[in-house]
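# Observations on chain architecture
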Amino acid sequence: MRRTLLVGLSVFAMLTLNVAMASAGSVHTGVIHAMKVNKPSHHKGGGGVLLSSHGGAIERTPSVFIVYWGPQWASGFTTGGHTSAEAQGYIQGFFGNVGGSSWANSTTQYCQGVPAGTTNCTGTSGAVFVTNPNGQLAGVWNDTSAVPSRLGTSNIAAEALNAVAHFGYTANADYMIFTPTGLSTSGFGTQFCAWHSSTSSSSGPVSFSNMPYQPDAGAACGMNFVNGNGYFDGFSIVGGHEYAETVTDPFPSSGWVDGSGAENGDKCAWISSGQGAAQNVSLGGGASYPVQSLWSNAFNGGAGGCVVSYP
């Protein structure tokens with residue numbers, strides 16, 4: 001376990017350090033795993049290195065709780081000619097329909113209960129697999145308490161615990177904290193687009209994601225990445241990235257990561273053409289949303305690759 005955490009930290013050290021120093025509060029967070037911004041210098045695609053289990057848990061029956069934190073969500077705001085109500089409709093439409101989709105189905109090849117180093121769960125004794133049920137959006141809450149102007153990691157973790165108190169504890173859930181425009185943790189839009197981590201509660205470990213207002217970062221976090229008029233593209237591309245990584249590695253980096261510490265979303269982030277390119281996919285109810293591809297160990301005869309549909 002110690003080696004696993006150090007590997008994860010070595011790869012994402014700059015992101016983790018810069019984000020973590022933003023707050024010195026009392027709520028402990030585990031390893032912070034960040035999605036990098038879209039920059040030409042960033043490597044696209046994950047090569048042929050497979051993900052492997054590091055002995056930790058996956059989310060067997062994934063669910064998502066959405067928290068819109070701050071009174072701004074209730075009063076409403078506008079950016080770029082689009083309203084916060086439109087953003088909420090987009091976010092809830094995506095997470096309300098992602099469960100059961102062929103896009104999310106790639107996570108079902110991963111498991112827990114297997115030896116560290118396992119790359120293929122099929123036929124492995126004791127393997128307990130991720131499932132991909134419909135209706136994974138388990139709750140939505142507008143917490144109208146004020147968001148601190150100097151927002152740090154412990155504030156996000158504390159809000160995740162507030163969400164647990166509001167919704168109840170679910171071990172297989174991602175408590176996603178959406179902050180309003182203009183309020184984000186340090187480094188958003190220049191170093192990262194979102195991140196996920198974990199904290200502890202009296203009921204058990206809590207997985208949570210920090211989701212800033214993606215349009216504030218423009219093209220760096222997905223605006224128009226797939227659609228020419230895709231003002232909200234970043235919410236489903238980045239939100240889907242964090243969702244899929246939390247399903248397979250809810251307590252970073254104890255689940256499924258590769259030898260460099262990358263998760264299933266990292267290995268396929270910001271691919272714009274060719275195999276694994278980000279694209280619109282149809283989810284439940286016929287709605288279409290842009291997503292990035294996800295890494296599949298099973299693809300290409302077990303050599304692995306980025307896919308938008310599985311199997």
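The structure reproduced in this document is the subject of the present report. Numbering of residues begins from 1 in every chain and follows the order in which that chain's sequence is written. The model is predicted, so local features are restricted to residues of pLDDT at least 70 and side-chain atom pairs to those at 80 or more, both for listing and for counting; the totals for chains, interfaces and linings are taken over all residues. Values reported for side chains reflect all heavy atoms of the structure, with hydrogen atoms and water molecules removed beforehand.

### Brief notes about the nonpolar core
The criterion, for reference: We call a set of buried Ala, Val, Leu, Ile, Met, Phe, Trp, Tyr and Cys residues a nonpolar core when their side-chain atoms join them within 4.5 Å. Each residue gets one of three labels from its accessible area relative to the maximum for its type: buried under 20%, exposed over 50%, partly exposed in between, using a 1.4 Å probe on protein chains only. Contacts are assigned to residue pairs with any non-hydrogen atoms lying within 4.5 Å of each other.
Membership of the largest hydrophobic core comes to 76 residues, with the highest contact counts inside it found for Phe94, Phe95, Trp103, Tyr175, Phe178, Phe235 and Tyr243. The residues contacting Phe178, other than those within four sequence positions of it, are Ile66, Val67, Tyr68, Trp69, Trp73, Ile91, Phe95, Met211 and Phe235.

### Here we look at the sheet that holds strand E8 (residues 137-143)
To be explicit about the condition: A strand pair is defined by DSSP finding two or more bridges across the two strands. Strands are runs of DSSP state E lasting at least 2 residues, helices are runs of H or I lasting at least 4, and numbering of each runs from the N terminus. Angles run from 0 to 180 degrees between N-to-C directions of axes, and those axes are lines fitted to C-alpha atoms, restricted for helices to the stretch in contact.
Strands sit in the order E1-E10-E11-E9-E3-E8 across an open sheet of six strands; the sheet is mixed. Looking at the sheet topology across the chains shown, the edges are occupied by strand E1 (33-36) and E8. The mean angle between the axes of side-by-side strands here comes to 20 degrees, regardless of whether they run parallel or antiparallel. Taken together, the six bridges between strand E3 (residues 63-69) and E8 define a ladder with parallel strand orientation. Within E8, the position partnered with Val67 by the bridge is Trp141. Of the strands in this sheet, E3, E8 and strand E9 (173-178) touch helix H4 (residues 84-97), which is tilted by about 170 degrees from E3.

### Considering the state of the cysteines
Covalent bonding between the sulfur atoms of two cysteines defines a disulfide. What counts is decided by this rule: A pair of sulfur atoms, both from cysteines and within 2.5 Å, is called a disulfide here.
Going through the model one piece at a time under the given rule, you end up with three disulfides. The partner cysteine of Cys193 in its disulfide is Cys221, sulfur to sulfur 2.2 Å. Classification of the bridge connecting Cys193 and Cys221 rests on its S-S torsion, roughly -95 degrees, and on that basis the disulfide is left-handed. Remark: Cys221 occurs in the loop between strand E11 (205-211) and helix H6 (233-248) and Cys193 occurs in strand E10 (residues 192-200); sequence separation between them is 28 residues.

### Brief notes about the environment of Ser207
Our working rule: Polar contacts here mean pairs of N or O atoms no more than 3.5 Å apart (in protein, one a potential hydrogen donor and the other a potential acceptor; neighbouring residues in sequence count only if both atoms are side-chain atoms).
Topologically, Ser207 is positioned in strand E11. Separated by 177 residues in sequence, Ser207 and Gly30 have C-alpha atoms that sit 9.5 Å apart. Not counting residues within four places of it along the chain, the set of residues in contact with Ser207 comprises Glu59, Ala173, Asp174, Tyr175, Ser197, Ser198, Thr246, Pro250 and Phe251. A polar contact is formed between the side chain of Ser207 and the backbone oxygen of Pro250, at a distance of 2.9 Å.

### Topic: the pairing of strand E14 (residues 288-291)
Inspection of the sheet shows strand E13 (residues 279-282) paired to E14 by four bridges, in the antiparallel sense. Of the residues in E14, the one forming a bridge with Gln279 is Val291. Taking the residues that link successive antiparallel strands as the turn, the E13-E14 hairpin has five residues, and the phi of Gly285 there is positive, at about 75 degrees.

### Some thoughts on helix H5 (residues 153-167)
To keep things clear, this is the line we draw: Multiplying 1.5 Å by the residue count of a helix minus one yields the expected span of that helix.
Helix length check: H5, at 15 residues, gives a terminal C-alpha distance of 21 Å against a target of 21 Å (1.5 Å per residue), a fit within 8%. Within the span of H5, buried status applies to Thr153, Ser154, Ile156, Ala157, Glu159, Ala160, Ala163 and Val164. Within two residues after H5, Gly168 carries a phi angle of roughly 100 degrees, on the positive side.

### Here we look at the packing of aromatic side chains
What counts is decided by this rule: Between 30 and 60 degrees the pair is tilted, below 30 it is stacked and above 60 it is edge-to-face, where a pair is any two Phe, Tyr or Trp rings, Trp via its six-membered ring, whose centres lie within 6.5 Å. Both a distance and an angle decide whether a charge sits over a ring: NZ of Lys or CZ of Arg must be within 6 Å of the ring centre and within 35 degrees of the ring normal.
Per the stated rule, a full pass over the model turns up 23 aromatic pairs. Between the aromatic rings of Phe94 and Phe95, the centroid separation amounts to 5.0 Å while the plane-to-plane angle is 80 degrees, which identifies the pairing as edge-to-face. Note on Phe94: relative accessible area 1%, which makes it buried. Residue class for Phe95 comes out buried when judged on its relative accessible area of 1%. Taking NZ or CZ as reference, Lys267 lies 4.2 Å from the ring centre of Trp295, over its face.

### Focus: unusual backbone geometry
The residue after Pro252, namely Ser253, is reached through a cis peptide bond having omega -5 degrees. Checked against the element boundaries, Ser253 lands in the loop between H6 and strand E12 (256-257). Between Tyr310 and the following residue, Pro311, the backbone shows a cis peptide bond with an omega angle of 0 degrees. The phi dihedral of Asn224 is positive, around 65 degrees, even though this residue is not glycine. Relative to the helices and strands, Asn224 resides in the loop between E11 and H6.

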